[in-house]
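A structural walkthrough
Each chain, letter by letter, is given below.
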Amino acid sequence: MSQKQIAIVILMLTTTLLLSGCWDVTEPQRMYYVQGVGVDYKDNEYTAYLQIINFANVAKTESANP
């Protein structure tokens, strides 16, 4: 390979790495976080409970105190 072809390959690889930065980003406001887990056993069955935090609502309800 000539130096020109090597430079083109390096340029294409660098461009590919830089342009694919945030294609699969997931914002914290769109995710759910489990804060607590509870399991009950009643009538020969298990029931699971999850306490979920939704950060989209947290940011809207907080206010600054002057």
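My aim in this report is to walk through the structure given alongside it, one point at a time. It should be emphasised that the depicted structure is a prediction, and the values quoted were computed from it without experimental measurement.

**Observations concerning helix 1 (residues 3-19)**
Between its first and last C-alpha atoms helix 1 spans 24 Å; for 17 residues at 1.5 Å apiece the expected length is 24 Å, and the two agree. Burial within helix 1 is sparse, with just zero of its 17 residues counted as buried.

**Comments concerning the pairing of strand 1 (residues 32-42)**
Counting buried positions along strand 1 gives zero out of 11 residues, so the element sits mostly on the surface. Pairing of strand 1 with strand 2 (residues 45-54), which is carried by 10 bridges, proceeds in the antiparallel orientation. Considered in strand 2, the bridge of Tyr 33 is made with Ile 53.

**Side note on unusual backbone geometry**
One non-glycine residue, Asp 43, adopts positive backbone phi at about 55°. With respect to the element layout, Asp 43 can be found in the loop between strand 1 and strand 2. With a relative accessible area of 67%, Asp 43 lands in the exposed category.

**A word on the environment of Ile 52**
Mapping Ile 52 onto the fold places it in strand 2. Ile 52 sits in the partly exposed class, given a relative accessible area of 47%. Residues Ile 52 and Val 37, spaced 15 residues apart in sequence, show a C-alpha to C-alpha distance of 9.1 Å. When sequence neighbours within four positions are dropped, the list of residues in contact with Ile 52 reads Tyr 32 and Tyr 33.

The rules behind these values
- Residues numbered from 1 in each chain as written.
- Predicted model: local features only at pLDDT ≥ 70, side-chain atom pairs only at ≥ 80, totals over all residues.
- Heavy atoms only, no water.
- Helix = DSSP H or I, 4+ residues; strand = E, 2+ residues; numbered from the N terminus.
- Expected span 1.5 Å × (residues − 1).
- Buried < 20%, exposed > 50% of the residue type's maximum accessible area, 1.4 Å probe, protein only.
- Pairing = 2+ DSSP bridges.
- Contact = heavy atoms within 4.5 Å.

These figures come from the coordinates and say nothing about function on their own.
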